[in-house]
Amino acid sequence: MSDSTNHENHENHGNAFVAWVNGEPKPEVEKKEPKPKVKKQKKPFDSAEAYAKFHKLYKPACVILCLAFIAVLVYVSIKTPLFGVTDAPTNNEVAAKYIEEGLEDTGATNIVAGMILDYRAFDTLGESTVLFTAVMAVIILLKVDKDKKKKQDMSAAELKEEAILQHEEELNDKHRDVILKKTAGVIAPFILMFGIYVVLNGHISPGGGFSGGAIIGAGLILISQAFGSKITKRFFNFKVFTIITSGALLTYAALKTYSFYTGAHHMETGIPKGIAGAILSGGFILPLNICVGLIVACTMFGFYSLFSKGEI
Amino acid sequence: MFDAQTILIWILLSFLIVCAIATTVTKNLLVTVLIFMSYSVVMSVIWIFLESPDLAGTEAAVGAGVTSILFFIVLKKIGALDTSKRKKKDKDSKEGEDNE
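Residues numbered from 1 in each chain as written. Chains lettered and ligands numbered in written order. Predicted model: local features only at pLDDT ≥ 70, side-chain atom pairs only at ≥ 80, totals over all residues.

**Student:** So what's going on with the overall build of chain A? Residues and values would help.
**Tutor:** On a plain count of helices and strands, chain A comes out with twelve helices and zero strands. For chain A, the sequential pattern of α-helices and β-strands runs α-α-α-α-α-α-α-α-α-α-α-α. By residue count, 24% of the 312 residues in chain A fall in the buried class. Long-range contacts, defined as pairs at least 24 residues apart, comprise 72% of the intrachain contacts of chain A with a sequence gap of at least 6. (Helix = DSSP H or I, 4+ residues; strand = E, 2+ residues; numbered from the N terminus. Buried ≥ 20, exposed ≤ 12 C-beta atoms within 10 Å, placed from the backbone. Contact = placed C-beta atoms within 7 Å.)

**Student:** Please give an account of the interface of chain A and chain B that cites residues and values.
**Tutor:** At the interface, 18 residues of chain A touch 13 residues of chain B. In terms of residue count, the dominant contributor to the side of chain A that touches chain B is helix 8 (residues 209-227) of chain A (seven residues).

**Student:** Describe the nonpolar core, with residues and values.
**Tutor:** A general trend in soluble globular proteins is that nonpolar side chains are found buried together. Membership of the largest hydrophobic core comes to 51 residues, with the highest contact counts inside it found for Ala-214, Ala-218, Ile-221 and Met-300 of chain A. Only helix 4 (111-119), helix 5 (121-142), helix 7 (178-200), helix 8, helix 10 (238-256) and helix 12 (285-309) of chain A together with helix 3 (53-77) of chain B provide two or more residues apiece to this core. No other element matches the 16 residues that helix 12 of chain A contributes to this core. Setting aside residues up to four positions removed in sequence, Ala-218 of chain A forms contacts with Ile-191 and Met-300 of chain A together with Ala-61, Gly-65 and Val-66 of chain B. (Core = buried A, V, L, I, M, F, W, Y, C linked by C-beta atoms within 7 Å.)

**Student:** An account of the environment of Leu-57 of chain A is requested, with residue identities and associated values reported.
**Tutor:** Mapped onto the secondary structure, Leu-57 of chain A falls in helix 2 (residues 47-79). Separated by 183 residues in sequence, Leu-57 of chain A and Val-240 of chain A place their C-alpha atoms 54 Å apart.

**Student:** How would you sum up helix 1 (residues 4-25) of chain B? Please name residues and give values.
**Tutor:** Look at helix 1 of chain B: 32 Å from first C-alpha to last across 22 residues, which is about the 32 Å you get at 1.5 Å a residue. In terms of burial, helix 1 of chain B is a largely surface element, zero of the 22 residues being buried. (Expected span 1.5 Å × (residues − 1).)

**Student:** Account for the environment of Glu-100 of chain A, naming residues and giving values.
**Tutor:** Structurally, Glu-100 of chain A is set in helix 3 (residues 93-106). With eleven residues separating them in the primary sequence, Glu-100 of chain A and Ile-111 of chain A have C-alpha atoms 9.8 Å apart.

**Student:** Residues and numbers for the packing of helix 12 of chain A against helix 3 of chain B, please.
**Tutor:** Where helix 12 of chain A meets helix 3 of chain B, the closest approach of the two axes is 9 Å, and the angle between their N-to-C directions is 10°. In this view, helix 12 of chain A runs roughly parallel relative to helix 3 of chain B, as classed from their interaxial angle. Each of Met-300, Phe-303, Tyr-304, Phe-307 and Ser-308 of chain A in helix 12 of chain A lies in contact with helix 3 of chain B, whose residues at this interface are Val-66, Ile-69, Leu-70, Ile-73 and Val-74 of chain B. (Axes fitted to C-alpha atoms, helices over the stretch in contact; angles between N-to-C directions. Parallel < 35°, antiparallel > 145°, perpendicular 65-115°, else oblique.)

**Student:** An account of unusual backbone geometry is needed here, citing residue identities and associated values.
**Tutor:** All names here are of chain B. Residue Glu-51 is not a glycine yet carries a positive backbone phi of 60°. One can find Glu-51 in the loop between helix 2 (29-49) and helix 3. Residue Glu-51 is classed as exposed on the basis of its C-beta count, with 9 C-beta atoms lying within 10 Å.

**Student:** Describe the packing of helix 2 of chain B against helix 3 of chain B, and please don't skip the residues or the numbers.
**Tutor:** Residues and elements named next belong to chain B. With their axes 7 Å apart at the nearest point, helix 2 and helix 3 run at an angle of 175° to one another. When the interaxial angle is binned, helix 2 and helix 3 end up roughly antiparallel. Contacts from Leu-29, Leu-30, Val-33, Phe-36, Met-37, Ser-40, Val-41, Met-43, Ser-44, Trp-47 and Ile-48 in helix 2 reach Pro-53, Leu-55, Ala-56, Glu-59, Ala-60, Gly-63, Ala-64, Ser-68, Phe-71, Phe-72 and Leu-75 in helix 3. Counted by class, the contact of helix 2 with helix 3 contains 17 nonpolar, four polar and one charged residues. (Nonpolar A, V, L, I, M, F, W, Y, C, P; charged D, E, K, R; others polar.)

Encoded structure:
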């Protein structure tokens, strides 16, 4: 039966085709009914199975990615010029100018300080701003809000945790490590003094604002860790922190953006360079070093303080 | 060619690689931070060999000092420094409450 109908259909089609060739309008071809799609039954999401699948792929993917990165890095490092080669592209006229005329231009015996705080002082301003921004972000994230911290609002778990923390702090205050206390009492003044020396001699000897500031900050952390935060709070609270950090940054900006007002040749503005090698020499490098050192020291200690207690 | 300084630098550089791999492989977080710290110390020695003492000082103060202190504080905050002590303390505090 079906055979015969098929045959008829075929014949009909044949006739229609002949008629179309002879000039009749195009016959409507029977639309084929779309096959009813067999819907694949979705498996319910099985987290364990997915995890197993992921875990199977994870290690090979890791190894392949790592090998690819290592290959790229090794390839690049083979292509770079060797360490200390004289005809490397970095040894161009810029470095030559810095080395030959750096002392004359900046008045700093330490050419690195002359570079980062005179030729490229604007970059260092950006770096200090980055540190400042980082501290602000940490303050936003970690500083405990005293207004919100009322005992009624806190849940039982939070209250318990705070009680434990307070208890721990009291215990720490009572039984501070004797070895740490004695050692810190001896070496902390020297650490602070060395940090101040590095900051003040940044334009004469190796070092400068960043290294000196980091050393001072580490010394402050040591004092705070050894003798408790009450000692450091006497001279360093949040208000002092804010004033020092923003004041140092503003001073830096005021000292160094004068080239915006005097034009690009800010080397010749009549600031005395002093005798090379003396403490008071190098134009603005000494005050700039002090500013950077203050910012870095405050940042380091602020990080520590905010991380450990949630306040400065 | 192979004078003492070159050999020493090679030893230090290989130590750096070992440290870098060990930091990722070690399971104990406290040990990881300690290895990270030693990496910074060795790096600061290498800076001295490369004739940049200012960088050496910064590396020692920031890398070995401040960064690891921050890591230690975070480990203490999340209770990963030594779990046995923490559990014991919790137990003690609970017992104290019971007594009260």
